[in-house]
Structures are given as C-alpha cells and as structure tokens.
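Structural characterization, general
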Amino acid sequence: MSSNPHLIIKDLHTYFHSPSRQGFVHACNGVSLDIMRGETLGIVGESGSGKSITMLSSMGLLNVGPGVVSGSCEFHSRNGAISLFPDLNSHVQLTHENGQIVQVKKDLQSWQKKTRHIMRDIWSKEIAMIFQNPRQAFNPFQTVGDQIRESIMLHTNITNKKEAKEKAYYWLEKVKIDSPKLRYENYPYGMSGGMCQRAMVAMALASQPSLLIADEPTTGLDATIQSKIVDLLFELKESLQLTLVIISHDISVISRLSDKIAVMYAGNVIEHGKADEILGESFSKRHPYTRSLLGSVPSRSNVTRTGRLPSIRGEVPDAVNTPQGCRFYDRCDAKTPAVEARCSQKNPNFSQVAAEHQCRCWLYTPEAEHA
Amino acid sequence: MKTKYLHKPLSQTNAKSRSFFKKASTRDLLYIGYGSLVVLLVLLSYLAGAFSWLPHDPDEMNLDLMMADPFVAGHLLGTDFMGRDLFSRLVLGIQAYFIPGLMAIVIALSLGTFLGVLAGYEGGKVDRAATYINNLLDSIPRMVLILLVVALFKPDVYYIMFVVGVTAAPVVALQIKNKIIYLKQKNFIESAIAIGLPKPTIIFKHILWHNCRSILIIQASLCMAEAILIETSLSYLGFGVQEPIPSWGNMVQAGANYLMQGHLWPSTAPALAILFTILGFYLLADGLNKVLEEKQ
Amino acid sequence: MSSPLLEVTELRKSFKQKASLLGGSGSSAIPAIDGISFHVNENETLGLVGESGCGKTTTGKALLKLNSVDSGKIIYDGQDITSLSEKAFRPYRSQIQMIFQDLDAALNPRIRVIDVLREAVKIHHPQLDDAQIDSRVKELMEMVNLQKGKLTSYPGELSGGEKRRVGIARVLAVQPKFIVADEPTSALDVSIQAQVVNLMLDLQQKLGLSYLFISHDLHLVEIVSHRIAVMYLGRIVELGSSEQVSKSAKHPYTQILWSSLSDGSHKEVEKSQSENWGVFDFSRPSSGCRFAPRCPVYHARGEPAICRDANQEPKLTQQGNTGHFVACHFA
C-alpha cells in the first residue's frame, strides 16, 4: 500500500441554509480527511453527521448556499496537486465571535464559476461518484447504455461512437451485469435496483477515474443485493487499484470494504484510524460514540442478558443550535470527573491514540490519562 | 457580494407562525396584503350599501348638477348623467355581485368538493362516475350557457351565478381529487382507517379541514373574481343588472356615452373599480397559493 | 396448549396489473400472496422476512383489512374475521393494529401530537371526559419514553425516532393485543433503532403484546422474534423458531439470505448465486417450485424434474416433531 496522498481535506467548514429548520446548519465543523492512493476509506455516521455533505461540498456538488466557507481540499492528480477550493479566502469574508462564526459574506456566483472550471477537468476523469437511489442518477428518457457511452465519449479520449459503445459493453460486463448487450438497451425504469446500481458503477468507472466516492451505495437495496454490490466494489477496487471512499451508515458495509475508517458525528470526524482497530473489540482507546454505536448494531453478540440491545440515549444534537463543548457530551456515558468540566466547555481536538489512529476525546489526552 | 448572515439561531417558540412568514417572499406578502385589503373594502362597502350608510342617496337625481366633477358639492367622485352621486352608486354597485358571488362560491365549493371527494377517496367505479360528471360540467361553455339562461328565463343575476357556480365546480373537484390522491400516497389515510377512525371523520376532519382548507379559500377567491367579471360584463352588455339599479358594468356602459364630451369619471371610476377589485381577488388567490400550497 | 391469538390459513391475494403502454401482455394478475398459512400465539413475536416484493407488507395490511383478500381464512381470537364488513370489523380495530413503515404515515402534518393522541384515545373510549383523556395521553407518552414537552409539537418538528414513538403511542392508545410492525426501524439511525427495538420489547413484556415483525434486517429479526417465517414470491418457504431458522436453515433460500450477512456467524453458503440465473415466470403456471430458477441446490443436482413439476409444488412440511417447517423437496 502506498502512502501517497490522493485527496486531502483539511479543516473544512460547510454551512447551508435549511428552510425547514429555519436556520443555518453547520454541517461540517472542521472536517479533515486524508485519503491515500489505493486505500479504501469508510466514512461512518448517522444522520446529521455531515458525512455526505463533506464529500458533496468538496466536489462542489452542494446546491444550497453558502456551502464551503473555510478549509482546503487538495486533489493529487496524475499531473500534480490541485486545490479544489481556489482562492477561497478571497471569496469569503468571515466574522468570528467567541470562536464561532456568526457572519458569512460569500460571492457565490464567481466562486461557483471558478470551481466548475477546475472540476471540469477532474470530474469523472479522475474522481467519480455514485449515489444512493441509482435510478435517479440516470436520465429516464435515455437508455442506460447510451448514457454510459456518452460519458465515455465525454471523459476519455475515445471519440468514435462505435468504439465507445464497445467500451460500454465492456464495463457493463465488468460490473457483472448479465447479457450486457441486451441490458445496454434498457431504460433505467426497466432495471431492478441492484442492476441499476451496477450500471451506475459502470458509468462511473467507464471514464477511468482513480478515485471513486460511493455515497450510501447499498441503502435501499435488498439484503442479498447489498451483499453483491459490496462484493462487486471490493473486486473492482482490487482489480482497478482504485482509491475508494465509502460513505454509509451501515457498519457491515463499511467493515467489509475499508482499510481505514473515519467516524463522524454532528459535523466532526471524531475518530480516524485503521479499520481493524476501530472495529475490533480489543482496542481500548476508542471514542465512546464509536463504542456505543458498534454496541447498538443488531446482532446476537450485542444483546444483553435481559434480551435488550444497548442503545445510546438521547438524540443527535440540533444541527442549528450547536452545543458549545463536545458534541457527544449529552449522550456520553464514559465521562470521568477528571474530564467532565472540559467536555462541556470545549470541543476536543484530536489525540493520537495509536499509530495512524486519532480520536477526538478529552479522555485520551495525555493530561487526562495521567489524572 | 451576496451576503449571508448566520445569527444565533431563532427561538423555537412561534415555530408555526414564523414558518408562514419565512416561506413567503415579499411579493407574495404584497399580493396577500393587497388582496386582503380589497376583500375588506368589498365587505365594508357591502355593509355600507346594505345599511344605506352612504353619503348621498344613490337614487336622488339632482338635475342641475349633472355630470359634475369630483369634489363638487360634497360629491366625492362627482355625479353621473342623471345627477346621482357617483361614489354612492359605486358603493352600492357591490350589491350587484356580492351575495350572488357568494352563492356561486357556495355552489362551486360544495359541488366541487362532493365530486372531488367521491373521485379521490372512493376510487374505482365511483371515481369513474364522478370524474365523468366532472368532465361533463367542465366542458360546458360558460358564457353560452349564461346567455342561454338569460334568453330563456330572465336576466337575473342569481340565475347567472348559479351557472357560474356549477361551471366553476370542476376546477375545485380536480384540485381536491388530486390532493386526496397525494394524501393517500402518504399513508396517513390508511393509518387513519387502521386506527379505527370513522369515514366521515377522516373525510371531513383530516382531509378537508386540515388539508384542503387552503385549496377551498383560494378557489373561493378565484370564484369571486370570476363572478365579478361575469356580472359586470353582462351588466355592461345589458343582460345583467338593469337600470336604475347600479352595477359597475352598467355604470361603465352609461358613462361611456359621455366620454367624448370630456366627462371621464362616470365611466372610468367604475371601470377602475372593476379592475382593481378583480385584481385583488386574483392576487390574493395567487399569493395564498404560493404560500400555502406550493411544495417546497 | 392454548389456541393461537391469530391464525391465517391459505391466504391469497392478487393484484391486477394493467397493460403497460410500452409493451407487455394484457392485464394479468400477479399473486402477491399465494396460499400462506401461519399462526401467532399470545405474547409472541413472529418475524416475517423476505426480499422486497415477496408479499410481506401485503400480508400485514390484509390482517388489518386495508387490503381485501381473495381467498383463505383469518381467525383472530377464535373468530373468523375474513369476510367481516367494515362495520362488523370495527371492534376488532382496537385489537389489531399496525405500525407503518413510513414514519409520517400515522401523522397528519397539520395536527399536533397531543391532538393525534387525544383523537386515538377517544375512538374506542368515547365515554371518557377531557380530563381522563388527557391523563391517558400523558400515560402513553410515558410508556414510549417521550418528553411531555413534545405534546404541543407538530410532526414536522419531530426527529425520526420521536415520530416513530408517537406512532407507537397512537397505536397503544386503542389498547391492541396484536400489532403488525412493518419495518419499524428502517428509516432510523442505528442508535435510535436500538432504542425503538428495546421499547417494543419492553412493551411486549409489560402489556403482553403479540407482534408480526416484518423486516429485511435479518439480525434484528433474529433478536426480536420467537419464531420466523421466510417468504419468497408470495409463499412461505420456511417457518420455525428463531434459532432453527437462523442457525439451522433448511431451505436453500433461507440459507442464502443468512449467508449474505457479514459477521460470519452463519454457515457460509457457496455464493454462486447469480442475480440473473432466472426469475419465476408467473405467466407459465406449470412451473413447479418458485425458487428453482435461482436455487443452487436445483442447479447442483442437475435440475431435477420434480422441482419443475406443477403437480408437485413443495409444501411446508414439518421436520419431525420440531415445529420447524420447510417447503423443499430436498430439505
């Protein structure tokens, strides 16, 4: 495994306005992710964690304003490092109060122009994304095959229609779709959920990106199909040597595919490290949320003696009224008297708990451990 | 630079009312405000006319003050070709369409709701029958039928408004039917049945009162606009309200003869009244539609 | 052994499919449920699993008479309720209830939580006065662990978990004995799922409820259910205790279902399952076992004729005296 950086996101802050919640949602609160070439990063989180928004806003796919307000995102392409947030500071003016952002001035139009210009060369050719709800990703009025062919012609140097069509067949076969030549002519509504998802994977990979982002690729699919999609992604990432980012709330999917895992909660990455350590029971220095989350997954091994599943009391904090200290404070059962005061006052920074494993918790800072 | 502010979040206390105003754009609020003003004025004017709280007797003819200009001898808008106070006649003109208009509304809403509920809720054969009747009503050319009624019977505003009501019902029915179909997809009608709620409760309380209220108000507003338009047009043509009873339509007609002589107000005042009143009802409907009905 | 609370025999329901504009044959009837039989005892949870389209939800809705039934019998508490009119069925509506998959299903967005619950309490207890109703409403909120402050909220202001609880409270208001839970946890976050499941288990203990627990989350069904029924294309292919079905499944389909779980605690079945091995063709009635086209055992044994013999469709048969039923020629 190489340790070449592929996509580096640092200290990302994203806001968007939610009319239903009548306020600005601080979706990403200083998110940093290091995605290395050839590695699979699994991003796990529940609703409101900001896992999808992190990738969407980095790719410039977030439609609602204001979007990214600070941070950096560097993509290391074949031709060198490109910043995906060009001159962010010159487009945004922030006003801080008590360490919190209270006012944002952002020139959306020219920012979007700039990011689109950059993404034009990168999107599909180097970074591709697949989404939940595969049928919605396709144009309902065009055959699936034609859409793949068009993507090939747009993003690779194949300009011949016939050649592109052959390539489309190749990719449909590669994603294990039966009778690819027949399926080419199918419309999206004529395909089952699982098949449509495979077709979306084909379309994403046909332009030969080096980084694939999969946002909830198995949600909404039947159990047996989910399993097959996960197997497919595993095979493809091995054979094509892809860098894979899997975003999911389903821990079993994450565990089957990831080398490294980032656990997100309420807009922060709260743990980032090797998959075995995070998922394995033996590692002691895990974030309380991670531990509780893994403990509440339905499985026979988690059931307590009284026949119940351990759950995390309370709910995810309000996305608009973000609390002051650690965002997990209200629901945390691992607080010790030594750290409790700090937990309620200040959101913890990352502490190194093992080689390549960081955890955002006051329990693991050197001072707390010696207390 | 486009500015976005992130203040400390709003309190949750008046969540419901706050959401109303947050959703509405300034333009929508303007429409609703103007429309509401018009409705209020119409209502007040109706009452004024009904109780004769008018500055002058609208039938009193002042023969030496014919075609007077505004502000002459206490006549706010002047007098018409018979010396009658224009302003009072204008106010009284509302009588011509107000109650008849309400009648049209009642007919349109009740018939429309009845057909809409049958079509949307019951489904199957009942749906087909109701939709058939609905389409039948919808295909009737309204003006032709009105003129037919006028020719066969008499130019009575109430007869006319009956036709207006019946021909306006299909639109209401369709809106209600679609709303019910939409609600059915959201499962809560099924769950209402499952919990054991009796059918009338489901239909009247849950569907109509809570979810169709806004449709009905909007349609009522539109229906009134239509009623005014039709009544004034027919009165203008001579088929509706006849002299000496004032209607904005026949006032425009009567005053038109004197335009060439430079007497603007007898014709223009009622014309403007028609314009701004109908506009008020349409804008009210539009604004309410945007705020209450548009899916976000 | 007392008689079961709910007994379903040979239930059948088809949906007519209209001819599609873009081709396809004329109107045909696809059997959503094609002859299923099961029973649920008092204070028991029967899990119902299967892929989407297998007829689980249709079954649940049929029990509540939200769908009509073409043939078969539903017997509740000894009474045949299959062909009761809506009027005659009303008293049973307080006994048999449903938790809908859609979190928003039970909740009219314009009505506050307190009014939703008040209404539900009033339906079957019209004689109570306002004070009694309100105290019952408060009881219900406590039963589902919801803060009283949420009573004045509108559904739109509630989180997923809260909506689910209000739905449960509403169902409890009519004091049922049998609840069909259709994917009660599917739209919820993992940590909230655990809360809801624990709540349902607590309620079962406290109130002596029976559940028909429909879910595609096999792990969850294992934990929650006493017995499990596996459905495939409108038929039950395996029925037994939770242990039997999850750990020693006998039907090839059940084995495949459980093998797709990732924690390795189940038998690993050869995953030679191709998504496109074949689909059962409803237009050819003489096709025998519905699972044959996808069945690894069928293919491994060289496609034996018995599996495609229309006169020998596999019937649910008990394995010895264990209470474990399988519908397969080779179990």
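In this text, all values refer to a predicted model and were calculated from it rather than measured experimentally.

1. Let's talk about the sheet that holds strand β9 (residues 211-215) of chain A
Residue and element names in this part refer to chain A. A sheet is described by the order of its strands in space; here 8 strands give the open sequence β8-β9-β10-β3-β11-β12-β14-β13, paired in mixed fashion. Edge positions in the open sheet fall to β8 (127-130) and β13 (351-354), since each of these has one partner strand only. Taken pair by pair, the neighbouring strands of this sheet meet at an average axis angle of 20 degrees, ignoring direction. Sheet topology places β13 next to strand β14 (residues 357-359); 3 bridges connect them, and they run antiparallel. Residue pairing in the sheet places Ser-351 in a bridge with Cys-359 of β14. The strands touched by helix α8 (residues 193-206) within the sheet are β8 and β9, with β8 carrying the most contacts at an inclination of about 170 degrees.

2. Section: the interface of chain C and chain A
Contacts between the two partners involve 35 residues from chain C, matched on the other side by 37 residues from chain A. When chain C packs against chain A, close to 3000 Å² is buried across both sides, 47% of that on carbon and sulfur atoms. Across the chain C-chain A interface, the total number found is 1 salt bridge. Among the salt bridges present, the one from Arg-308 of chain A reaches Asp-202 of chain C, with a minimum N-O distance of 2.8 Å. Along the contact surface separating chain C from chain A lie 7 residue pairs in polar contact (both at pLDDT 80 or more). Of all the secondary structure elements, the ones that give two or more residues to the side of chain C that touches chain A are α6 (190-207), α7 (218-224), α8 (242-247) and α9 (252-259) of chain C. Here the side of chain C that touches chain A gets 11 residues from one element, more than from any other, and that element is α6 of chain C. Residue composition of the side of chain C that touches chain A, grouped by class: 10 nonpolar, 15 polar and 10 charged.

3. Let's talk about the sheet that holds strand β8 (residues 210-214) of chain C
The strands that make up a sheet pair up through hydrogen bonds in the backbone, lying either parallel or antiparallel. All names here are of chain C. The sheet built from 8 strands is open, its strands ordered β6-β7-β8-β3-β9-β10-β12-β11 with mixed pairing. Both edges of this open sheet fall to β6 (96-99) and β11 (317-318), since each of them pairs with a single strand only. Inspection of the sheet shows strand β3 (residues 45-49) paired to strand β9 (residues 227-232) by 4 bridges, in the parallel sense. By the bridge assignment, Gly-47 is partnered in β9 with Ile-228.

4. Examining the nonpolar core
Residues and elements named next belong to chain C. Counting residues in hydrophobic clusters, the biggest one holds 63 residues, and the most contacted among them are Val-49, Ile-168, Leu-172, Met-200, Leu-203, Val-230 and Trp-258. The element that contributes the greatest number of residues to this core is α6, accounting for 8 residues. Sequence-distant contacts of Val-230, defined by excluding residues within four places in its chain, comprise Val-49, Arg-235, Ile-236, Val-237, Glu-238, Val-245, Tyr-253, Thr-254, Leu-257 and Trp-258.

5. Quick notes on helix α3 (residues 113-124) of chain C
All of the buried residues in α3 of chain C are Val-113, Ile-114, Val-116, Leu-117, Glu-119, Ala-120, Val-121 and Ile-123 of chain C. On its buried face, α3 of chain C is in contact with α8 (188-195) and α9 (199-237) of chain B together with α2 (86-93), α4 (130-143) and α5 (160-173) of chain C.

6. Describing the confidence of the model for chain C
Residue and element names in this part refer to chain C. On average, chain C scores 84 in pLDDT, and the residues at 70 or more come to 88%. Here residues 264-270 scores under 50 on pLDDT; set against residues more than four positions off or in separate chains, the count is 11 contacts. Here the complex is predicted with pTM 0.79, and the ipTM for its interfaces comes to 0.80.

7. Some details on the side chain of Arg-170 of chain C
Checked against the element boundaries, Arg-170 of chain C lands in helix α5. Buried charge without a salt bridge: Arg-170 of chain C, with Glu-119 of chain C as the nearest opposite-charge side chain at an N-O distance of 4.2 Å. Beyond its immediate sequence surroundings of up to four residues, Arg-170 of chain C is in contact with Ser-191, Ala-192, Ile-195 and Leu-197 of chain B together with Ala-106, Val-116, Leu-117, Glu-119 and Ala-120 of chain C.

8. As for the interface of chain B and chain C
In this complex, chain B contributes 19 residues to the contact, which on the side of chain C involves 24 residues. The three residues of chain B that bury the most area against chain C are Glu-190, Ala-194 and Ile-195 of chain B, which together make up 30% of that side's buried surface. In this assembly, chain B and chain C are joined by 2 salt bridges. In this structure, the connection of chain B to chain C is made through 11 residue pairs in polar contact (both at pLDDT 80 or more). Elements that contribute at least two residues to the side of chain B that touches chain C include exactly α1 (15-23), α8 and α9 of chain B. Its residues placed into classes, the side of chain B that touches chain C shows 8 nonpolar, 7 polar and 4 charged.

9. Observations concerning the pattern of salt bridges
Residue and element names in this part refer to chain C. Tallying each qualifying case throughout the model produces 31 salt bridges over all chains. With a shortest N-O distance of 3.2 Å, Arg-93 and Glu-86 are connected by a salt bridge. A residue is classified by how much of its surface remains accessible, and Arg-93, at 0% relative accessible area, is buried. As a salt-bridge pair, Asp-104 and Lys-163 come within 2.9 Å of each other at their nearest N and O atoms. In this pair, Asp-104 sits in the loop between β6 and α3 while Lys-163 sits in helix α5, placing the two residues 59 residues apart along the sequence. It is possible to trace a salt-bridge network through shared partners that takes in Glu-10, Arg-12, Asp-34, Arg-235, Arg-290 and Glu-313.

10. Regarding unusual backbone geometry
The phi torsion of most residues other than glycine is negative, and most of the peptide bonds are trans. Unlike most non-glycine residues, Asp-87 of chain A shows phi in positive territory, near 50 degrees. Position of Asp-87 of chain A among the secondary structure elements: in the loop between β5 (80-83) and α2 (88-91). Of note in the backbone geometry, Asp-77 of chain C takes a positive phi value of approximately 50 degrees without being a glycine. As for its position among the elements, Asp-77 of chain C is in the loop between β4 (71-76) and β5 (79-80).

About the thresholds
Residues numbered from 1 in each chain as written. Chains lettered and ligands numbered in written order. Predicted model: local features only at pLDDT ≥ 70, side-chain atom pairs only at ≥ 80, totals over all residues. Heavy atoms only, no water. Pairing = 2+ DSSP bridges. Helix = DSSP H or I, 4+ residues; strand = E, 2+ residues; numbered from the N terminus. Axes fitted to C-alpha atoms, helices over the stretch in contact; angles between N-to-C directions. Contact = heavy atoms within 4.5 Å. Buried area = accessible area lost by both parts, 1.4 Å probe. Salt bridge = Lys/Arg side-chain N within 4 Å of Asp/Glu carboxyl O. Polar contact = N/O pair within 3.5 Å; in protein donor to acceptor, adjacent residues only side chain to side chain. Nonpolar A, V, L, I, M, F, W, Y, C, P; charged D, E, K, R; others polar. Core = buried A, V, L, I, M, F, W, Y, C linked by side-chain atoms within 4.5 Å. Buried < 20%, exposed > 50% of the residue type's maximum accessible area, 1.4 Å probe, protein only. pLDDT = per-residue confidence, 0-100. Lys, Arg positive; Asp, Glu negative; His and termini not counted.

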